[in-house]
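Coordinate inspection notes
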Amino acid sequence: MSKFMLLLMISVLGACSVSKQQPVSQQTSLSIQGKMYAAFFQQHAAEYRALCYQAFNFARIKVDQLKPSNRRLAIITDVDETLLDNAPYAVHQTISGIDHTNVEWVKWTGMAQCDTIPGAVSFLKYAAGKGIEVFYLTNRTEEEKQGTLANLAKFGFPNVDEQHLLLKRGESKEARRIQVQSTHEVVLMMGDNLSDFTNLFDKQTTDKRRANTDKVSDLFGNRFIVLPNTTYGDWESAIFRQNYNLTISQRDSIIRRSLKGY
């Protein structure tokens, strides 16, 4: 057998091996491989860190501007991509050639290995030092409670206990926000997803989300503090019209049709 034929056979067998590990459709998928580049940005771009510091600097200014109140003060904050960094999970899923799954997500959160979002710990400690209670309003589930508490406690976040950790209860966060507002004056809300702030953004189309953003534009940087997240969120499900049964190919087609070029 010639050297050329031998190399050709090795190349073909190698390609077959890769295909068995990751289907070609997943290797080239925008909806899956795109998350790798988003995680790359989150892990390495100084600009990402700057955006996070900018958000918490605005939050600190608002805390310093607070006037005395007869009510107990509170901050409501999301957890994932607001306080804790899940970029390693996105990398793991992409290398595995699959999108988000509840099984893998719960396995990841149970490890309590998330790092913190830049500036998050120092800001919340500062706010707590001003007598402001912190409520962690997350769509993590009951089975994720212990891992979440352990991960937050590891970095010294304030008010890390079952009373202040409000886990998923229903699809919307609105009822849990109202629960905190019934006993406290909420001075700030923090999140990476617009549904972290108001139900105006629950299960809305892309156009409606943009329109509602314009309606409450004066609240951003004041009452609402937004952290950057290009990996996932309701912006993504809005593009897919909340259809969670789409195939990878269908999602990629929708993304391509939605992109604007010249």
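Conventions and cut-offs
Residues numbered from 1 in each chain as written. Predicted model: local features only at pLDDT ≥ 70, side-chain atom pairs only at ≥ 80, totals over all residues. Heavy atoms only, no water. pLDDT = per-residue confidence, 0-100. Contact = heavy atoms within 4.5 Å. Salt bridge = Lys/Arg side-chain N within 4 Å of Asp/Glu carboxyl O. Core = buried A, V, L, I, M, F, W, Y, C linked by side-chain atoms within 4.5 Å. Buried < 20%, exposed > 50% of the residue type's maximum accessible area, 1.4 Å probe, protein only. Helix = DSSP H or I, 4+ residues; strand = E, 2+ residues; numbered from the N terminus. Phe/Tyr/Trp six-rings, centres within 6.5 Å; stacked < 30°, edge-to-face > 60°. Lys NZ or Arg CZ within 6 Å of the ring centre and 35° of its normal. Pairing = 2+ DSSP bridges. Right-handed = clockwise from strand over helix to strand, strands pointing away. 1 Å grid on protein atoms, 1.4 Å probe; cavity = no way out; pocket = protein on both sides within 12 Å on 5 of 7 lines; lining within 4 Å. Points joined across faces, edges and corners; volume = space filled by probe spheres on them.

As for the confidence of the model for the protein chain
Summary statistics for the protein chain give a mean pLDDT of 91 and a share of 90% for residues scoring 70 or more. Confidence drops under a pLDDT of 50 for residues 2–26, and excluding neighbours within four residues, the segment shows 17 contacts in the predicted structure.

Considering the pattern of salt bridges
Per the stated rule, a full pass over the model turns up twelve salt bridges. One continuous salt-bridge network, built from bridges that share partners, spans Asp78, Lys173 and Asp196.

Digging into the nonpolar core
Counting residues in each nonpolar core, the largest one holds 35 residues, and the members touching the most others are Ile75, Phe123, Leu124, Tyr136 and Phe157. A total of six residues in this core trace back to one element, the largest contributor, which is helix 4 (residues 46–64). Those residues in contact with Tyr136, other than ones at most four positions away along the chain, are Thr77, Val79, Leu83, Leu124, Leu152, Phe157, Pro158, Asn159, Val160, His164, Leu165 and Leu166.

Some points on the environment of Ala39
Structurally, Ala39 is set in helix 3 (residues 30–44). For the pair Ala39 and Asn86, spaced 47 residues apart in sequence, the C-alpha to C-alpha distance is 8.7 Å.

Considerations on the packing of aromatic side chains
For any two aromatic rings, the description comes down to two numbers: the centre-to-centre distance and the angle of the planes. Evaluation of the coordinates by the stated rule reveals seven aromatic pairs. Geometrically, the ring pair formed by Phe56 and Phe123 is stacked, given 6.0 Å between the ring centres and 25° between the ring planes. Taken as a pair, Phe56 in helix 4 and Phe123 in helix 7 (residues 120–129) lie far apart in primary sequence, 67 residues in all. Under the relative-accessibility criterion, Phe56 is labelled buried at 3%. Ring pairing ties together the aromatic residues Phe197, Phe220 and Phe224, which thus form one cluster. Looking at Arg60, its charged tip hangs above the ring of Tyr126, at a distance of 4.2 Å from the centre.

Topic: the environment of Ile117
Following the sequence through the fold, Ile117 ends up in the loop between strand 3 (115–116) and helix 7. Filtering out sequence-adjacent residues up to four positions away, Ile117 remains in contact with Tyr48, Cys52, Phe56, Glu81, Thr82, Leu83, Leu84, Asp85 and Leu227.

Things to note about the pairing of strand 6 (residues 185–191)
Along strand 6, six of the seven residues are buried, which leaves the element largely enclosed by surrounding structure. Sheet analysis places strand 1 (residues 73–77) next to strand 6, joined by five bridges and oriented parallel. Bridge pairing links Ile76 to Met189 in strand 6. Bridge count for strand 6 against strand 7 (residues 224–226) is three bridges, and the pairing is parallel. By the bridge assignment for strand 7, Met190 is matched with Ile225. As for the winding sense of the linkage, the β-α-β connection from strand 6 through helix 10 (residues 206–215) to strand 7 is right-handed.

Some details on the layout of surface pockets
The computed volume of the largest pocket comes to approximately 1,500 Å³. Along the wall of the largest pocket there are 46 residues; nearest its centre are His100, Tyr232, Gly233, Asp234 and Tyr244. When residues of the lining of the largest pocket are traced back to their parent elements, those giving at least two are helix 3, helix 5 (87–95), helix 6 (102–110) and helix 11 (234–239). Looking at the lining of the largest pocket element by element, the count peaks at five residues for helix 5.

Quick word on helix 5
Residues Ala87, Tyr89, Ala90, Val91, Gln93 and Thr94 constitute the buried set of helix 5. Buried residues along helix 5 sit in contact with helix 3, strand 2 (84–85) and helix 6. One or two residues past the end of helix 5 sits Gly97, with phi positive at roughly 80°.

Quick notes on unusual backbone geometry
Glycine aside, the phi torsion of most residues is negative, and most peptide linkages are trans. One non-glycine residue, Asn159, adopts positive backbone phi at about 55°. Along the polypeptide, Asn159 turns up in the loop between helix 8 (145–154) and strand 5 (165–166). The phi angle at Lys203 is positive, at roughly 50°, despite the residue not being glycine.

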